[in-house]
Protein chains: 2
Amino acid sequence: MIADDMTPEGRRIEIPARHGAAFRLNRGQRLRVIDPQGEQVSDMLAFNAHDINEVISSGRSLDYASKLFLTTGDPLYSNRSNIMLKIMEDTVGRHDFLLTPCSKDTFRIIYGDEHPHQGCFGNLAHALQPYGVTPDQIPTAFNIFMNVNIGADGSFTVDAPKSKAGDHILFEAHMDLIVALTACSALQSNNYAFKPIHYAIETVQLDAI
Amino acid sequence: MIADDMTPEGRRIEIPARHGAAFRLNRGQRLRVIDPQGEQVSDMLAFNAHDINEVISSGRSLDYASKLFLTTGDPLYSNRSNIMLKIMEDTVGRHDFLLTPCSKDTFRIIYGDEHPHQGCFGNLAHALQPYGVTPDQIPTAFNIFMNVNIGADGSFTVDAPKSKAGDHILFEAHMDLIVALTACSALQSNNYAFKPIHYAIETVQLDAI
């Protein structure tokens, strides 16, 4: 468990394999998400820190971008059409914004597990509970490094992430946010090995006049 | 305005161009949505009638189907991974489940309108208000007859619907639902002409023993 008062500026924090974290990211701050070993996915959610009914929206973000795969320069919109985050750097260029976080139901329905792990959904719900977010309020996440490939007929496969050890994506917050991240729990998404995710919160230093 | 107590069984009801409606659909009942003139989209939402926090989920439905384009035989799941509706018949075979309902923001951001129409989003919010649904609770809709074509690089275009006059899709409810429908308000989605949508609620008659 990583509380936001334990998140010193700039320090790189590890989310262990199959775990999650939530923290405050203020307007103007930047969030760097790093894949330390390669081929690992991190599901990301964002809520307005002052009103958790405003939440990241895949449907609006994709609609306004007119493309499925967002990368450097693209904004992530809320359900109220406000920009929550903008992608500033991206060394991978392939992320998913179609699918809900893996969950007990994913493992039951897709993998046929009898005793399913709580998945990213459970990890996100647990991490977000102190901020008043209920499981029903968890929408489709921005799935960092997740590599979904779509055929001409619309069928898709979830393939190994294109991220290599040390790859990262950098976001800038356009409003005060509660952000949640995971080290994804679904075998298929991470090329069948569970690995950690690293992140760091960075504040852009303004030059003294 | 069409209230659910004004929705006699089996009668075909018209939603005028750029309008919306919401009504009760009980478990086992069927909903037929008809495009009377052709090339018209209808955004559909569904909420559990007994708990509106349970709502249709594009992310779960697409994930479990492993495809973007749902048709006959495919279930539409809720955010709790329960089946809300199943597609029983589909004479068109192309619908969208990626994009949020068009809204004032769509018309402002994509079309550059100075005095934007409230769009399907506004029509859905208005129709769902009597059921206690707030605008923030409106997710990505199942956009009946909406024809989104995706290029190899993930960029997409919204093209004229493939539906011809009289085409329909038939759903069966797997739980008691509040359903909302529109006659879509976005020019691009409907081949640049605003048209009505028809629907009918049908109850499957069980044979008398």
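As the structure is a prediction and not an experimental result, all values here were calculated from the model.

The rules behind these values
- The numbers attached to residues start from 1 for each chain and follow its sequence in the written order.
- Here the convention is simple: chains get letters from A, ligands get numbers from 1, in the order in which they are written.
- Local features are withheld for residues below a pLDDT of 70 in this predicted model, meaning they are given only at 70 or higher, and side-chain atom pairs are given and counted only at 80 or more; totals for whole chains, interfaces and linings count all residues.
- Think of the side-chain values as coming from all heavy atoms in the structure, minus any hydrogens and water.
- Burial classes: relative accessible area under 20% of the type maximum marks a residue as buried, over 50% as exposed, and values in between as partly exposed (1.4 Å probe, protein chains only).
- Secondary structure elements follow DSSP: runs of H or I no shorter than four residues count as helices, runs of E no shorter than two count as strands, and numbering proceeds from the N terminus.
- In this scheme, strands are said to pair when DSSP sees at least two bridges between them.
- Any two residues whose heavy atoms approach within 4.5 Å at even a single point are treated as in contact.
- Axes, fitted as lines to C-alpha atoms, cover a helix only where it is in contact. Angles between the N-to-C directions of the axes lie from 0 to 180 degrees.
- Side-chain atoms within 4.5 Å link the members of a nonpolar core, which is a set of buried Ala, Val, Leu, Ile, Met, Phe, Trp, Tyr and Cys residues.
- Fitting of the copies onto one another was done by least squares over C-alpha atoms, counting residues only where both copies have pLDDT of at least 70.
- Within this scheme the basic residues Lys and Arg register as positive and the acidic residues Asp and Glu register as negative, but His and the chain ends are omitted.
- Any Lys or Arg side-chain nitrogen found within 4 Å of a carboxyl oxygen on Asp or Glu counts as a salt bridge.
- By the criterion applied in these results, polar contacts are pairs of N or O atoms within 3.5 Å in which, for protein atoms, one can donate a hydrogen and the other can accept it, and in which residues neighboring in sequence qualify only through two side-chain atoms.
- Lining residues are defined by having an atom within 4 Å of a point belonging to a cavity or pocket. Those points lie on a 1 Å grid over the protein atoms alone, cavities being sets where a 1.4 Å probe fits but cannot get out and pockets being open sets with protein on both sides within 12 Å along at least five of seven lines.
- Grid points are joined across faces, edges and corners, and a volume is the space filled by probe spheres set on the points.
- Note on residue categories: nonpolar means Ala, Val, Leu, Ile, Met, Phe, Trp, Tyr, Cys or Pro, charged means Asp, Glu, Lys or Arg, and polar means any other residue, Gly included.
- Once two parts are joined, some of their accessible surface, as seen by a 1.4 Å probe, is lost; buried area is that loss totalled over both.
- What goes into a patch is any residue over 30% in relative accessible area without a salt bridge, connected to like charges within 9 Å or, for nonpolar side chains (Val, Leu, Ile, Met, Phe, Trp, Tyr), within 5 Å.
- Note on areas: these come from Shrake-Rupley sampling with a 1.4 Å probe, and a residue is covered only by the protein chains present in the view.

Engineer: Tell me about the pairing of strand E11 (residues 167-173) of chain B, and please be specific about residues and values.
Structural biologist: All names here are of chain B. Of all seven residues making up E11, seven are buried, and the element is well covered by its neighbours. Here six bridges tie strand E3 (residues 29-35) to E11, and the two strands are oriented antiparallel to one another. Bridging across to E11, Leu 31 finds its partner in Phe 171.

Engineer: Account for helix H1 (residues 58-65) of chain B, with residues named and values stated.
Structural biologist: Taken across its eight residues, H1 of chain B has seven buried, putting it largely inside the fold. Those residues of H1 of chain B lying buried are Ser 58, Gly 59, Arg 60, Ser 61, Leu 62, Asp 63 and Tyr 64 of chain B. On its buried face, H1 of chain B is in contact with helix H2 (104-109), helix H3 (119-128) and strand E10 (156-159) of chain A together with strand E6 (75-77) of chain B. Of the residues flanking the end of H1 of chain B, it is Ser 66 of chain B, one or two places downstream, whose phi is positive at about 55°.

Engineer: Tell me about the sheet that holds strand E3 (residues 29-35) of chain A, and name the residues and values.
Structural biologist: Residues and elements named next belong to chain A. Spatially, six strands are ordered E1-E13-E3-E11-E7-E6 in an open sheet, and the strand pairing comes out antiparallel. The open sheet is flanked by strand E1 (13-15) and strand E6 (75-77), the only strands paired with a single partner. Averaged over all pairs of adjacent strands, the angle between strand axes in this sheet comes to 25°, irrespective of strand direction.

Engineer: Describe the nonpolar core, and please don't skip the residues or the numbers.
Structural biologist: Nonpolar side chains in soluble globular proteins tend to end up buried together. Judged by nonpolar contacts, the single largest core of 120 residues is most densely connected at Leu 31, Phe 142 and Phe 171 of chain A together with Leu 31, Phe 142 and Phe 171 of chain B. Once you skip the residues sitting within four places of it in the chain, Phe 142 of chain B turns out to touch Ser 42, Asp 43, Met 44, Ile 56, Leu 70, Leu 76, Ile 87, His 95, Asp 96, Phe 97, Ile 169 and Phe 171 of chain B.

Engineer: With reference to specific residues and values, describe the pairing of E3 of chain A.
Structural biologist: Residue and element names in this part refer to chain A. A large share of E3 lies buried, amounting to five of its seven residues. Where E3 lies against strand E13 (residues 197-203), six bridges are found, and the strand directions are antiparallel. Directly across from Ile 34, in E13, lies its bridge partner His 198.

Engineer: Explain the relation of the copies chain A and chain B to me, using residue names and the numbers behind them.
Structural biologist: Mapping chain A onto chain B leaves a residual RMSD of 0.0 Å; the transformation is a rotation of 180° accompanied by 0.0 Å of translation along its axis. Both copies of the chain, as the preceding transformation shows, are related through a two-fold rotation axis. When each C-alpha of chain A is compared by its distance to the rotation axis, Leu 98 of chain A comes out closest, at 3.6 Å. Here 100% of the contact residues of chain A are again contact residues in chain B; the copies associate through an equivalent surface.

Engineer: Quick one: what's the story with the side chain of Asp 96 of chain A, residue by residue and with numbers?
Structural biologist: Residues and elements named next belong to chain A. Structurally, Asp 96 is set in the loop between strand E7 (83-90) and H2. No salt bridge is formed by the buried Asp 96, whose closest oppositely charged neighbour, Arg 94, lies at an N-O distance of 7.9 Å. There is a polar contact of 3.2 Å between the side chain of Asp 96 and the backbone nitrogen of Leu 98. Among residues more than four places away in sequence, those in contact with Asp 96 are Ala 141, Phe 142, Asn 143, Met 146 and Val 148.

Engineer: Got a sec to walk through empty space enclosed by the protein? Specific residues and values, please.
Structural biologist: For the coordinates displayed, the defined rule picks out one cavity of 30 Å³ or more. Estimates place the volume of the largest cavity at around 30 Å³. Surrounding the largest cavity, Ser 58, Leu 62, Phe 97 and Leu 98 of chain A together with Ser 58, Leu 62, Phe 97 and Leu 98 of chain B form its lining. Looking at the lining of the largest cavity residue by residue, the classes come out as six nonpolar, two polar and no charged.

Engineer: Account for the interface of chain A and chain B, with residues named and values stated.
Structural biologist: In this complex, chain A contributes 33 residues to the contact, which on the side of chain B involves 33 residues. Summed over both partners, the interface of chain A with chain B buries about 2800 Å², with 55% contributed by carbon and sulfur atoms. On inspection of chain A and its partner chain B, the count reaches four salt bridges. In this structure, Arg 60 of chain A and Asp 105 of chain B form a salt bridge, with 3.4 Å as the shortest nitrogen-oxygen distance. Among the elements that line the side of chain A that touches chain B, the one with the most residues is helix H1 (residues 58-65) of chain A, at six residues.

Engineer: A description of a nonpolar patch on the surface should follow, citing residues and the corresponding values.
Structural biologist: Residues and elements named next belong to chain A. There is a patch of nonpolar side chains on the surface, built from Leu 187, Tyr 192 and Phe 194 and spanning about 280 Å² of accessible area. You can see Phe 194 is positioned in the loop between strand E12 (177-182) and E13. Exposure remark for Phe 194: the relative accessible area of 31% places this residue in the partly exposed category.

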